[in-house]
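Analysis of the macromolecular model
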Amino acid sequence: MNLIISILSGAIVYAVSVMYAGIGETFSERAGIMNLGVEGIMLMGAVAGYITAVNTQNLALSFLVVLLTGTAFGLVFAFLTVTLQADQTVCGMAMLTFGTGLSGFLGKDVTGVAANLKFQTMPIPLLKEIPVIGPIFFQQNLLVYAMYVIVPLSLFYIYRTKYGLYLRALGENPAALDSAGMNIFAMRYAYVILGCAMIAVSGACVTLANTNFWSPGMTAGKGWIAFALVAFSSWNPLKLTLGALLFGFISCLGSNLQIYLPGVPTEIFSAMPYIATIIAFILATGNFRKVHTAQPAALCKPYDRESR
Amino acid sequence: MKEPVIEMRNITKRFGDVIANENVNLSLYPGEIHALLGENGAGKSTLMNVLTGIYRPNSGEIYYHGKKVSIRSPKQAVDMGIGMVHQHFRLIPPLSVAENVFLYMPDCKKILRQKEMEEAIDACSREFHLDVDASAKVWQLSVGEQQRVEIIKLLYRGADILILDEPSAVLTAQEAVEMFKVLRKMADSGKSVIIISHKMNEVMQNADRITVLKGGRVEDTMEAADATIDRLTRAVVGDREFVPQVRQNRTFTEEIVLQAEGLSVKNDKGLEAVRNVSFTIHAGEIFGIAGVAGNGQKELTEAIAGLRKIQKGKVTVNGEDLTSLSVRKHIDKGVSFIPEDRLSMGLVPSLDMADNMILKHFGSEKFSRRGILKKKVMDETAASYIERYDIKTAGIHSPVGLMSGGNQQKLLIAREVNGNPSLLVASYPVRGLDIGATEAIHKILLEESAKGTAILLVSEELDEIFQMADRIGVMCDGNMMAVLDRESADYETIGKLMSGEQL
């Protein structure tokens, strides 16, 4: 029983650390901008937060720096892809390599240095007492609790508000919104920046919550898993949550099974989430069901008023 | 006479040195369907863009209910109750009908109430007999239904003046009939409708008044009751000599080029779309296939061109069995194909004319040597096509996507006939083209048949079939209902066969 609780509780921790990036990327892609640099921006968020934590011992300030780092990357990416209408794949790759490289460089001084400052587990009184449910859901850190609110909020925003309606239209047919007098460029900037800020928070989950150290490249492909989840979930935050939990489960199952199956090489278990990513991506994007694809029609297409 | 809702007086619009509209006068009355007729490039769209605030005229005045107005932006036009349905719909497929409408409503509530929105749209669609389910997602709707959603978008915003750009171009014959019924109901309720068209029959049958534009000027304005094909033709094409290309005599020989035996073909959904169809085409013969679009013509032509798998039956060309051969083999054996969708299947819009011209022939000795293209030969050939087929283009190196539909089609046909085919499969070759381009295309087809090429011509315009074909096959629901000689066929018989009645 304890094993199951430990696996499920770990699954949530893992899931939340990819969900910030996943939901952020969902907003960005719904607006028509695909950001391939998730992994790089996550690393930047992770290292920026950790450096601030080591130097100031101020958690709120560290978190603010994480958000600002994401915003800065978002501004640059939006400038390239929205204003200059540059190719999104190429720019995304640039974000990826730049973020990965810069985070390794900036993090040199804090590699191996303990910050002793992170989002601590905050059991919620009363709720934590519920058998099974309590330890799984209500003995978590603040970033996990925040996600409990963000998921329903983003669903409500996308499907139930006027601005969500505009967002859904934005990724499909920006020209239609433009002719209705809306500012396509401002909207795309806003969603790209929001997306990047959330991606950076995913990085903070890694260095300031789930673990509390820094080593270069420590997100270990979580950015890519988040990126794959967006398409896997048909750009829907609820399905994304389910997908992230599934990945979390597979990942924690692996690390727990290691103890019980000592004969099997550990690499097999560590590889499980990535194998699952590949399978999920094939299932999500393959042409198995001849149905209308959920991919925003204007994804990756720069909006140019002149060429309407 | 009632007071006009809109009066456009002496509208002139120039783009640089090009005059798109010159001293155009147009008045629109409440309750009328007014048709703007003219060839492509006659200035119909420019005039409507002036009315909807997209362009500002260089001179001229617009009066709205007798008062002089200047329409500065599309938004202002919408506020005045002027709305336009473009030829390419501006709908967002994953959103529901109601969401598509409310996207444009300035008073859309911050928090969406789907039920309320859908009820409002349903009420609006019932009022005008538009019959669209407001909760359906747009991608689930047929083209005809999508067009009605565009109309609802305008009506719900309170439009009194509806402009429809080539509304029947995307519809099947039955859908077009339905659409005109809807437009008539709206006119009866006091709204004014402008339709842009280049189909004379359609305009004569459905409009109250007709204004003909030619070269940017109003050539003629008349009551539909006073219109005759003769008068309209003269106004549309002007003094230019217009002789419909009519097939004078049967020139074909007894030599059989295409023989289709018991063909059965499936459509994209895996259902049988062509059922046990057999026919032959002789050298120099034009074989017309009449039928409402979607009755297996597309599948049949694709099967003959080798693009679609033949489930049962056999296709032979010049005595050779091509049934299960590749597309390349079909081309090599002399089968040419003009697909119904020229831009997605026939041409590559972003490539230039020279590149498009050799799409099927790049491997031939003429255009390449050991895998390297002979650019000079390509350019020369392209230049010779421009002259020979009177193709208007900004140059052989500008993308063909920028050419007009008629010129694209001329280029496509030029490419297909220059492979010296023994069989030419032409699917709706003049769909969406104006009179001038249609004439040119028909001329090329007739020249080809005089050379001895067997031609399979698919069309939904009976006029075209009767004008061009030697023999006529009628398709309905995948069956070849009958094959008739043109001399012994008449419109009524063909019409009955098209609707599935046996002879």
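We now turn to the structure provided with this report. In this text the structure is predicted, and so the values were computed from the model without any measurement. The written sequence of each chain sets the order in which its residues are numbered from 1. Chains and ligands are labelled sequentially in the order written, the chains with letters from A and the ligands with numbers from 1. Only residues with pLDDT of 70 or above have their local features reported here, since the model is predicted, and side-chain atom pairs are shown and tallied only from 80 upward, although totals for entire chains, interfaces and linings are computed over all residues. Side-chain metrics rest on all non-hydrogen atoms present in the structure, leaving aside hydrogens and water.

**A word on the overall build of chain B**
Strands are runs of DSSP state E lasting at least 2 residues, helices are runs of H or I lasting at least 4, and numbering of each runs from the N terminus. Counting its regular elements, chain B contains 17 helices and 22 strands. Over its C-alpha trace chain B gives a radius of gyration of 25 Å, about what one expects of a compact globule, namely 23 Å for 503 residues. For each residue, the accessible area found with a 1.4 Å probe, counting protein chains only, is set against the maximum for its type, and the residue is called buried under 20%, exposed over 50%, and partly exposed in between. The proportion of buried residues among the 503 residues of chain B is 53%. Whether two residues touch is decided by their heavy atoms; if any such pair falls within 4.5 Å, the residues are in contact. Taking all contacts inside chain B whose residues are at least 6 apart in sequence as the whole, residues at least 24 apart take part in 66%. Methods summary: accessible areas were calculated by the Shrake-Rupley approach with a probe of 1.4 Å, and residue burial reflects only the protein chains presented. Working note: accessible area of chain B is about 22500 Å², and carbon and sulfur atoms make up 49% of it. Counted charges follow a simple rule, with Lys and Arg positive, Asp and Glu negative, and His plus the chain ends left uncounted. To locate a charge, take atom NZ for lysine, CZ for arginine, CG for aspartate or CD for glutamate. Averaging the coordinates of the 62 positive side-chain charges in chain B and doing the same for the 70 negative ones gives two points 5 Å apart. Throughout, the radius of gyration refers to the C-alpha atoms, and the reference size of a globule is 2.2 Å times the residue count to the power 0.38.

**Here's the deal with the interface of chain B and chain A**
On the chain A side, the residues contacting the 17 residues of chain B number 18 residues. With both chains or domains summed, chain B and chain A bury close to 1600 Å², and 68% of this area falls on carbon and sulfur atoms. For the chain B face of the interface with chain A, the top three residues by lost area are B:Leu103, B:Lys110 and B:Leu112, together amounting to 32%. Definition used for salt bridges: Asp or Glu carboxyl oxygen within 4 Å of a side-chain nitrogen of Lys or Arg. Between B:Glu99 and A:Arg168 there is a salt bridge whose closest N-O contact spans 3.0 Å. The classification used treats Ala, Val, Leu, Ile, Met, Phe, Trp, Tyr, Cys and Pro as nonpolar, Asp, Glu, Lys and Arg as charged, and all other residues, Gly among them, as polar. Here the residues of the side of chain B that touches chain A are counted per class, giving 12 nonpolar, one polar and four charged. What counts as buried area is the accessible surface, traced by a 1.4 Å probe, that two parts surrender upon association, with contributions from both included.

**Description of helix α13 (residues 375-389) of chain B**
Residues and elements named next belong to chain B. Compared with the 21 Å implied by 1.5 Å per residue over 15 residues, the 21 Å span of α13 between its first and last C-alpha is a close match. Those residues of α13 lying buried are Met378, Thr381, Ala382, Tyr385 and Tyr389. In an axial view of α13, the angular spread of the buried residues amounts to 100°, which keeps them on one side of the axis. Among the exposed residues of α13, those pointing more than 90 degrees away from its buried face are Lys376 and Glu387. The secondary structure elements touched by the buried residues of α13 are α12 (353-357), β18 (372-373), α14 (405-417) and α15 (435-450). Remark: Asp390 follows α13 within two positions and exhibits a positive phi of approximately 55°. Under the convention used throughout, the expected extent of a helix is 1.5 Å for every residue step, that is, one less than its residue count. Think of the arc as the fan of directions from the helix axis to the C-beta atoms.

**A short note on the side chain of B:Asn21**
Residue and element names in this part refer to chain B. As for its placement among the helices and strands, Asn21 is situated in strand β2 (residues 18-28). Between N or O atoms, a polar contact is any pair within 3.5 Å; within protein, one atom must be a potential hydrogen donor and the other a potential acceptor, and residues adjacent in sequence are included only when both atoms are from side chains. At a separation of 3.2 Å, a polar atom in the side chain of Asn21 contacts the main-chain carbonyl oxygen of Gly43. Engagement of the side chain of Asn21 in a polar contact is seen with the backbone nitrogen of Leu47, the distance being 3.2 Å. Apart from residues lying up to four places away in sequence, Asn21 is in contact with Ile11, Thr12, Lys13, Gly43, Thr46, Leu47 and Gly216.

**What about helix α1 (residues 2-30) of chain A?**
All names here are of chain A. Spanning 29 residues, α1 covers 40 Å between terminal C-alpha atoms, matching the ideal 42 Å at 1.5 Å per step. The largest bend in α1 comes to about 30°, at Met19. The buried fraction of α1 is high, at 23 of 29 residues. Remark: Gly32 follows α1 within two positions and exhibits a positive phi of approximately 100°. To get the bend at a residue, fit one axis to the 7 residues ending there and another to the 7 starting there, then take the angle between the axes.

**Notes on the environment of B:Phe337**
All names here are of chain B. Tracing the chain through its elements places Phe337 in strand β16 (residues 335-338). Separated by 35 residues in sequence, Phe337 and Glu302 place their C-alpha atoms 8.4 Å apart. Beyond its immediate chain neighbours, meaning those up to four positions away, Phe337 contacts Thr301, Glu302, Ala305, Leu307, Met345, Lys360, Glu416 and Val425.

**A few points about the nonpolar core**
Throughout, nonpolar core names a set of buried Ala, Val, Leu, Ile, Met, Phe, Trp, Tyr and Cys residues whose side chains join them through atoms within 4.5 Å. If you look at the biggest cluster of nonpolar residues, it comprises 139 residues, and the most contacted ones within it are A:Leu177, B:Leu103, B:Ile151, B:Leu183 and B:Ile210. By residue number, the principal contributor to this core is helix α9 (residues 184-210) of chain A, which donates 16 residues. Discounting chain neighbours no more than four positions away, the residues touching B:Leu183 are B:Ile33, B:Ile151, B:Leu164, B:Val193 and B:Ile195. In terms of nonpolar packing, the next biggest core, distinct from the first, is built from 49 residues, B:Ile413, B:Val430, B:Ile455 and B:Ala489 among them.

**Describing the sheet that holds strand β4 (residues 59-64) of chain B**
All names here are of chain B. Strands are labelled as partners when DSSP assigns at least two bridges between them. As summarised here, the arrangement of the four strands in space is β2-β1-β4-β5, forming an open sheet in which the pairing is antiparallel. Taken across any chain shown, the strands that pair with only one partner, and hence form the sheet edges, are β2 and β5 (67-69). Going across the sheet, the axis of each strand differs from the next one's by a mean of 30°, ignoring polarity. Across three bridges, β4 lies against β5 in antiparallel orientation. Counted as the bridge partner of Tyr64 is Lys67 from β5. What counts as an axis is a line fitted to C-alpha atoms, over the stretch in contact for a helix, and the angles between N-to-C directions run from 0 to 180 degrees.

**Some points on empty space enclosed by the protein**
Residue and element names in this part refer to chain B. Definitions used for this entry: grid spacing 1 Å over protein atoms alone; cavity, a set of points where a 1.4 Å probe fits but cannot get out; pocket, an open set with protein on both sides within 12 Å along at least 5 of 7 lines; lining residue, one with an atom within 4 Å of a point. Grid points are joined across faces, edges and corners, and a volume is the space filled by probe spheres set on the points. Counted under the stated rule, the structure contains one cavity of 30 Å³ or more. In this model, the largest cavity occupies a volume close to 40 Å³. If you trace the largest cavity, you find it lined by Val85, His86, Gln87, Phe89, Gln147, Leu164, Asp165, Glu166, Pro167 and Val170.

**A word on the pattern of salt bridges**
Residues and elements named next belong to chain B. Inspection of every chain in the model, using the stated rule, returns 30 salt bridges over all chains. Notably, a salt bridge pairs Asp268 with Arg308, separated by 3.0 Å at the nearest N-O pair. Linking Asp268 in the loop between β11 (256-266) and β12 (272-282) with Arg308 in the loop between α9 (297-304) and β14 (310-317), this pair joins segments that are 40 residues apart in sequence. The class for Arg308 is buried, based on a relative accessible area of 13%. One salt bridge in this structure joins Arg308 and Glu302, with 2.9 Å as the shortest N-O distance. The burial state of Arg308 is the same as that of Glu302; both residues are buried. One salt-bridge network, in which partners are shared between bridges, spans Asp268, Lys298, Glu302 and Arg308.

**Some remarks on the packing of α1(A) against helix α11 (residues 237-260) of chain A**
Residue and element names in this part refer to chain A. Remark: α1 packs on α11, axes separated minimally by 7 Å, with the N-to-C direction vectors making an angle of 140°. Of the possible angle classes, the one that applies to α1 and α11 is oblique. Handedness of the α1/α11 crossing: right-handed. Roughly parallel covers angles under 35 degrees, roughly antiparallel covers those over 145, roughly perpendicular covers 65 to 115, and oblique covers all other angles. Note: crossing handedness is left-handed where the near helix turns anticlockwise from the far helix by less than a right angle, and right-handed where it turns clockwise.

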